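What follows is the residue order along each chain.
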Amino acid sequence: MCGMPQQPPVRSTPARASRPDASMSLLTNVMDHSLDDGYAEAAARKQGAGAGGMPRTLRAKLGLAAGLVLAALVVTVGAAQARVAAPVVAKEREELIDRIDQETEAADELEETVDELRDDVSARQREALRDSGGGEQAELVGVLAGAVEVHGPGVKLVVDDAKEASAGGDGDPRETTGFSDTGRVRDRDMQRVVNGLWASGAEAVSINGQRLTALSAIRAAGDAILVDNKPLVPPYTVLAVGDGKNLSSRFQDSADGLYLHALQENFGIRTAISVEDDVRLPAAPSVIVRTAQPRTEKGTS
């Protein structure tokens, strides 16, 4: 029996193991090849530029260095010019200071001359009044007119602005008269103070050394108070010659004294009054004392 020929056994080729992430081939390709052709080309151009030309970073550094050098040059030139001009400016400043000192000395000398002339005029006025037969009455007229310097017992009244003068009245009664700052002393306030002192028995009055007469005017120019067109600055020191104790009490009890007290209470204006044993008041400048003469001619009908 012939047996069937046996065929040699067939060897099977073992199956090639597949990658676990075979199903994610697209993502794997992206991860394995992160640089595409465009990135590679750009990297090649950058490498070529580094080999054949100047890198951009180096050019930027050179430009920054050039700018710093230029700025340092400008500063140096400016400092040099200032150093050269400094002596000239200092010299001009010294010359200006010298001129100011000279003019100040000249003004002081003129003031002394004016005082001397004022004293001479006052003496001549007193002499003319005595020669005219006025006697003691003429002397009293000179005192009341402010033509002569006086001294004696009296009072000292200081009036000053409030510590924090406001910039607006906000409907306050003082603003209705045109004043915008309720904490400042105004010309009408000083008018009432002076009139109150006269009415209380003062024989002579001055404000900050400025003698008041029957022709004196207290006015305002902006925020400044003028006495006979001369500006005064606070605090305002009012000196009055008279019976000191009685003068002080009468003024404080008068309507003007109560008005001043109301300013202190309502608006913070500071006031202080004291009785003085001796106060000195200068003569008023440019006072002309005139006397009247009776008319003897009879009128015709």
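That block above? That's the structure.
So, a few notes on the structure that sits alongside this text. What you see is a predicted model; the values in this text were computed from it and never measured.

Here's the deal with the sheet that holds strand 7 (residues 236–241)
Logical step 1: A sheet is described by the order of its strands in space; here five strands give the open sequence 3-2-7-1-8, paired in antiparallel fashion. On the outer flanks of this sheet lie strand 3 (210–211) and strand 8 (270–281), each paired with one strand and no other.
Logical step 2: Strand direction decides the pairing type here: strand 2 (residues 204–207) and strand 7, joined by four bridges, are antiparallel. Within the sheet, the bridge partner assigned to Val-205 lies in strand 7 and is Ala-240.
Logical step 3: The sheet contacts of helix 6 (residues 244–253) involve strand 1 (150–160), strand 7 and strand 8, and relative to strand 8 the element is tilted by about 150 degrees.

Some remarks on the nonpolar core
Logical step 1: Counting residues in hydrophobic clusters, the biggest one holds 26 residues, and the most contacted among them are Met-190, Leu-197 and Ile-207.
Logical step 2: Mapped onto this core, the elements with two or more residues apiece are strand 1, helix 5 (187–199), strand 2, strand 5 (224–227), strand 7, helix 6 and helix 7 (255–267).
Logical step 3: If we skip the residues at most four places from it in the chain, Met-190 touches Val-159, Val-185, Ile-207, Ile-218, Ile-225, Tyr-236 and Val-238.
Logical step 4: Judged by nonpolar contacts, the second largest core, of eight residues, contains Val-148, Val-241, Val-279 and Leu-281.

Let's talk about the packing of aromatic side chains
Logical step 1: For the structure shown, the criterion picks out zero aromatic pairs.
Logical step 2: Over the ring of Tyr-259 we find Arg-192; its NZ or CZ atom is 4.2 Å from the centre of that ring.

Looking at the packing of helix 6 against helix 7
Logical step 1: Between helix 6 and helix 7, the least distance of the axes is 4 Å, while the angle of their chain directions is 70 degrees. For the element pair helix 6 / helix 7, the angle class is roughly perpendicular. Contacts between helix 6 and helix 7 involve Phe-251, Gln-252 and Asp-253 from the former and Ala-255, Asp-256, Gly-257, Leu-258 and Leu-260 from the latter.
Logical step 2: Along the lines of polarity and charge, the residues of the contact of helix 6 with helix 7 split into four nonpolar, two polar and two charged.

Here's the deal with a nonpolar patch on the surface
Logical step 1: On the surface, Leu-70, Leu-73, Val-74 and Val-77 cluster together to form a nonpolar patch covering roughly 370 Å² of accessible area.
Logical step 2: Tracing the sequence through the fold places Leu-73 in helix 3 (residues 56–131).

With respect to the environment of Glu-149
Logical step 1: As for its placement among the helices and strands, Glu-149 is situated in the loop between helix 4 (136–145) and strand 1.
Logical step 2: Its relative accessible area of 52% is what places Glu-149 among the exposed residues.
Logical step 3: Leaving out residues up to four positions away in the same chain, Glu-149 has contacts with Arg-211, Arg-280, Leu-281, Pro-282 and Ala-283.

Focus: the packing of helix 5 against helix 7
Logical step 1: Relative to each other, helix 5 and helix 7 sit at 145 degrees, their axes nearing to 8 Å. Here helix 5 runs over helix 7; the crossing is left-handed. Across the interface between the two elements, Arg-188, Asp-189, Arg-192, Val-193, Asn-195 and Gly-196 of helix 5 pack against Ala-255, Asp-256, Tyr-259, Leu-260 and Leu-263 of helix 7.

Here we look at the side chain of Asp-189
Logical step 1: Within the secondary structure, Asp-189 is located in helix 5.
Logical step 2: On the basis of relative accessibility, which here comes to 2%, the residue Asp-189 falls in the buried class.
Logical step 3: A polar contact of 2.9 Å, which involves the side chain of Asp-189, links it to the backbone nitrogen of Arg-186.
Logical step 4: Side chain to side chain, Asp-189 and Tyr-259 meet in a polar contact 2.5 Å long.

What to know about the pairing of strand 7
Regular strands have side chains that alternate between both faces of the sheet.
Logical step 1: Summarising burial for strand 7: five of the six residues are buried, a large majority.
Logical step 2: Looking at chain direction, strand 1 and strand 7 are connected through six bridges and run antiparallel. Looking across to strand 7, one finds that Leu-157 is bridged to Val-238.

Thoughts on the pattern of salt bridges
Logical step 1: Under the counting rule described, the total for this entry stands at four salt bridges.
Logical step 2: Taking the shortest distance from any N to any O, the salt bridge between Asp-160 and Arg-270 comes out at 3.2 Å. Pair noted here: Asp-160 is in strand 1 and Arg-270 is in strand 8, with a separation of 110 residues, a long-range link.
Logical step 3: In this structure, Arg-280 and Asp-278 form a salt bridge, with 3.8 Å as the shortest nitrogen-oxygen distance.
Logical step 4: On the accessibility criterion, Arg-280 (51% relative accessible area) is exposed.
Logical step 5: Asp-278 sits in the partly exposed class, given a relative accessible area of 40%.

What counts, and at which threshold
Residues numbered from 1 in each chain as written. Predicted model: local features only at pLDDT ≥ 70, side-chain atom pairs only at ≥ 80, totals over all residues. Heavy atoms only, no water. Pairing = 2+ DSSP bridges. Helix = DSSP H or I, 4+ residues; strand = E, 2+ residues; numbered from the N terminus. Contact = heavy atoms within 4.5 Å. Axes fitted to C-alpha atoms, helices over the stretch in contact; angles between N-to-C directions. Core = buried A, V, L, I, M, F, W, Y, C linked by side-chain atoms within 4.5 Å. Buried < 20%, exposed > 50% of the residue type's maximum accessible area, 1.4 Å probe, protein only. Phe/Tyr/Trp six-rings, centres within 6.5 Å; stacked < 30°, edge-to-face > 60°. Lys NZ or Arg CZ within 6 Å of the ring centre and 35° of its normal. Parallel < 35°, antiparallel > 145°, perpendicular 65-115°, else oblique. Nonpolar A, V, L, I, M, F, W, Y, C, P; charged D, E, K, R; others polar. Patch = residues over 30% accessible without salt bridge, like charges linked within 9 Å, V, L, I, M, F, W, Y side chains within 5 Å. Areas by Shrake-Rupley, 256 points an atom, 1.4 Å probe, with all protein chains shown as cover. Salt bridge = Lys/Arg side-chain N within 4 Å of Asp/Glu carboxyl O. Left-handed = near helix turned anticlockwise from the far one by under 90°. Polar contact = N/O pair within 3.5 Å; in protein donor to acceptor, adjacent residues only side chain to side chain.

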